[in-house]
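Chains, contacts and geometry: an overview
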Amino acid sequence: MPVVETSPAPPNLPVARRLLYAALTTLLFAAALEGALAALGLANPAARLSLTRGFSTRARYFVPDPAQPGTVHTQMFSGDSPEVVVPPRGPRVRVLLMGESSTEGFPEEYIQERLDAALPDPGFEVINLGRHGYGSERVRILLAQALELHPDVVFIYLGHNEFVEQGFALELAREWHSGVALEAVDWLARLRTMNAAIEVAESIAPGPSARPESQQAERADAFRELTYDRTVLFYKVYRDNLAAMVELAREAGAGVLLSTVVPNDFDPPAVSTFPVNLPETTRADVFRLRGLALGAIPERFRKGLIQTSPEAGVIHLRPSDWGELAPPAELAARRARAAVPAPPELRALSAPFAGPPLWSDPRDWSAAVPELLDTCAQVVQRAPTEDERRLLSVTATRLNEVLTICPDHPITLFELGLVRYLLGDDDGAARLLHAAAAYDRAPTHGNDVINGVVRELAAQHADDPDVRCVDAEQLVRAACPEGLVGYELMMDNCHLHAQARYALVDMFVPQLLELGRAALTRR
Amino acid sequence: MRTYLQFLRRHPVWWVTPIVLYLGALLWLASLVARTPDNPFAYTLY
């Protein structure tokens, strides 16, 4: 008989001793599991972006490529887009493009061709590190690590996503009940065991995009009640992050090119709230006045552009509505339609955007595109009948009354801007549309405040020849009638049509070239 | 050591339970991570 069978029964173990042994056993088990995974080379925590979705400085954005020594690749797209492969540093001038989805959509190969044509020896290497959905907080973390790639020039095009990103941060904190819980799990994810569990869970659980529409809609509510006194705090964060990025790049010896961002003036504000101290009765007056005002706008000028009731909503186009990044099956279905949408007549643009329309092939469009563009065409043709002019004047009067009560109400400023535009008051319209975007409580595109920060930062570095700025917003506005940017150029709130992006990046090439020349001189 | 080995043999519930809880907690947290979105909803909305 085995010894253990015949050994005398142990004395009763105290509970404290049992707990100690239990903890020890669990620890040994965890260590053995971790060691086994490490020995097998499985579930490497370095091969996963931080669970904070990039908001933590612990996020590892670059991993070495074991197949190609010296080469690194990004891990920031989670399968949405191909990761960027960065080869070992060579003699060419290395340019990093940093920013959001607009930057991600810039044609980096074209930029490199333009730069190479101007300075073929040693030539340029343009690496696009733009990431959709990112704002200044995560781009700053990404840039800090990207500087280890030893860029000569850092180009920053960033400013549409400040509230999108912070809304997402709130969403994450809400989902995890607190930022601390998320940080704790992020810390646990340094373990291979945790990563193995995540891999198992990801393989069996439906992804976040597969959630019901009702749950998805809840995610958009993060800033529904945001008031302007809190909005301004986010601009301070943007200013601090952008300034820090410039400092980081300069400390690393890289030249910096900043740019203002180009918004769509015909995209309505995302969030309009009243001051918290506005009495309930006054709010009721505002709702009544707005109802009367909007109801008077002829439908052909407001369908899809101005919300008059919960049913008659605003059309928010996405790049996929134009065919860009649309699922292949969806795109095939659109192309198989018998009736191709007829593109409406919008405004003619000046150089460098002059010529045929810049938008995609109408066969690729979703039904929402012609629906919204038809209204835009009615607006930009600005040919109201006499009766319509009277109605629009009534609307303007009532919206002005709303603004006397709440002078910075974003959506009212936007609606009055469109009405003034229809009535031929270009200056008034531009002023109101700019104000609408600037007072938006949680804007989803750049505005005068954001671009003002960029200009101010550029002015602070005016004596540094290696910090330059292109005022893309002003250059683009100069090419648009009445200085207003619309759907002739934009796919949605902040993304230019693919063809328009070539002319936009042409604006950056001369400055990138100068910064590249300066970097070569310093070598 | 002998006492510890006897503990393992005589009281399996005392050490199997925390291991199961540990694995359960890992899988539960992992399932929460798998459900966490990668991108802001606002991006897909606008």
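Residues numbered from 1 in each chain as written. Chains lettered and ligands numbered in written order. Predicted model: local features only at pLDDT ≥ 70, side-chain atom pairs only at ≥ 80, totals over all residues.

Comments concerning the overall build of chain A
Per the secondary structure count, chain A includes 20 helices and eight strands. Counting only C-alpha atoms and orienting by the principal axes, one finds that chain A spans roughly 110 × 65 × 55 Å. Burial status across chain A gives 41% buried among its 523 residues. For chain A, contacts bridging at least 24 residues in sequence account for 79% of all contacts bridging at least 6. (Helix = DSSP H or I, 4+ residues; strand = E, 2+ residues; numbered from the N terminus. Buried ≥ 20, exposed ≤ 12 C-beta atoms within 10 Å, placed from the backbone. Contact = placed C-beta atoms within 7 Å.)

Things to note about the overall build of chain B
Along chain B, the regular secondary structure elements total three helices and zero strands. By the burial criterion, 28% of the 46 residues in chain B qualify as buried.

Describing the nonpolar core
A general trend in soluble globular proteins is that nonpolar side chains are found buried together. M98(A), V154(A) and F155(A) are the most contacted members of the largest nonpolar core, which has 113 residues in total. The contact partners of F155(A), leaving out residues within four places of it in the chain, are V95(A), L96(A), L97(A), M98(A), L257(A), F508(A) and L512(A). Of all hydrophobic cores here, the second largest spans 12 residues; its members include W176(A), L188(A), I198(A) and L26(B). (Core = buried A, V, L, I, M, F, W, Y, C linked by C-beta atoms within 7 Å.)

Brief notes about the interface of chain A and chain B
Each partner contributes residues to the interface: chain A has 41 residues there, and chain B has 31 residues. Of all elements in the fold, only α2 (15–40), α6 (162–175), α7 (179–188) and α8 (192–204) of chain A reach the threshold of two or more residues within the side of chain A that touches chain B. If you tally residues by element for the side of chain A that touches chain B, the top one is α2(A), at eight residues. Looking at side-chain class alone, the side of chain A that touches chain B contains 22 nonpolar, 11 polar and eight charged residues. (Nonpolar A, V, L, I, M, F, W, Y, C, P; charged D, E, K, R; others polar.)

Concerning the packing of helix α14 (residues 386–405) of chain A against helix α15 (residues 410–422) of chain A
Axis angle and axis distance: for two packed helices, these are the angle between their axes and the distance between the axes, and together they describe the pair. Residue and element names in this part refer to chain A. α15 packs onto α14 with a crossing angle of 150° between their chain directions and a minimal axis gap of 10 Å. Relative to α15, the element α14 lies roughly antiparallel. Pair α14 / α15 crosses with left-handed handedness. Listed contacts from α15 to L392, T395, A396, L399, N400, V402 and L403 of α14 are T412, E415, L416, V419, R420 and L422. Here the residues of the contact of α14 with α15 are counted per class, giving eight nonpolar, three polar and two charged. (Axes fitted to C-alpha atoms, helices over the stretch in contact; angles between N-to-C directions. Parallel < 35°, antiparallel > 145°, perpendicular 65-115°, else oblique. Left-handed = near helix turned anticlockwise from the far one by under 90°.)

With respect to helix α20 (residues 509–522) of chain A
All names here are of chain A. The end-to-end C-alpha separation of α20 is 20 Å, in line with the 20 Å expected for 14 residues at 1.5 Å each. Of all the positions in α20, only L512, L515 and G516 are classed as buried. End-on view of α20: buried residues confined to an arc of 105°, all on one side of the axis. Its buried side turned inward, α20 meets β4 (93–99), α4 (108–118), β5 (124–128), β6 (153–157), β7 (255–259) and β8 (467–470). (Expected span 1.5 Å × (residues − 1). Arc of directions from axis to C-beta.)

Remarks on the sheet that holds strand β3 (residues 85–86) of chain A
Residue and element names in this part refer to chain A. Spatial strand order, β1-β2-β3: three strands in an open sheet with antiparallel pairing. Each edge of the open sheet carries a strand with a single partner, namely β1 (62–64) and β3. Here strand β2 (residues 72–74) pairs with β3 via two bridges, running antiparallel. When the sheet's bridge partners are listed, V72 is paired in β3 with V86. (Pairing = 2+ DSSP bridges.)

Quick word on the sheet that holds β8(A)
All names here are of chain A. Strand order in the open sheet made by the five strands is β5-β4-β6-β7-β8, with parallel pairing throughout. Pairing within the sheet leaves two strands with one partner each, and these edge strands are β5 and β8. Across the sheet, the axes of successive neighbouring strands diverge by a mean angle of 20°, strand direction being ignored. Here β4 runs beside β5; their pairing, made up of five bridges, is parallel.

A short note on helix α10 (residues 228–251) of chain A
Owing to its 3.6 residues per turn, the α-helix aligns residues three or four sequence positions apart on the same side. Residues and elements named next belong to chain A. In this model α10 runs 35 Å from its N-terminal to its C-terminal C-alpha over 24 residues, within 8% of the 34 Å that 1.5 Å per residue would give. Buried within α10 we find T231, F234, Y238, N241, L242, M245, V246 and A249. Where the residues of α10 are buried, they touch α5 (136–146), β6, α6, β7, α17 (448–460) and β8. Directly beyond the C-terminal end of α10, a positive phi value near 85° is found at G253.

Observations concerning the confidence of the model for chain B
All names here are of chain B. This prediction gives chain B a mean pLDDT of 83; 85% of its residues lie at or above 70. At the low end of the mean pLDDT range in chain B sits helix α3 (residues 41–45), at 49; at the high end sits helix α2 (residues 12–35), at 92. Scored below 50 in pLDDT, residues 42–46 shows 14 contacts in the model against residues more than four places distant or in partner chains. Taken together, the chains of this predicted complex give a pTM of 0.89 and an interface ipTM of 0.89. (pLDDT = per-residue confidence, 0-100.)

Notes on the confidence of the model for chain A
Here chain A shows a mean pLDDT of 91. Residues at 70 or above account for 95%. Across residues 1–7 of chain A, confidence stays below pLDDT 50; counting only partners more than four residues off in sequence or on other chains, it has two contacts.

Thoughts on unusual backbone geometry
All names here are of chain A. At the junction of D121 and P122, the peptide bond is cis and its omega measures out at 10° in the coordinates. Secondary-structure assignment places P122 in the loop between α4 and β5. Residue P352 follows A351 across a cis peptide bond; omega there is 10°. Tracing the backbone shows P352 in the loop between α12 (328–335) and α13 (368–381). Phi is positive for H150, which is not a glycine, with a value near 55°. Judged by C-beta crowding, with 12 C-beta atoms within 10 Å, H150 ranks as exposed.

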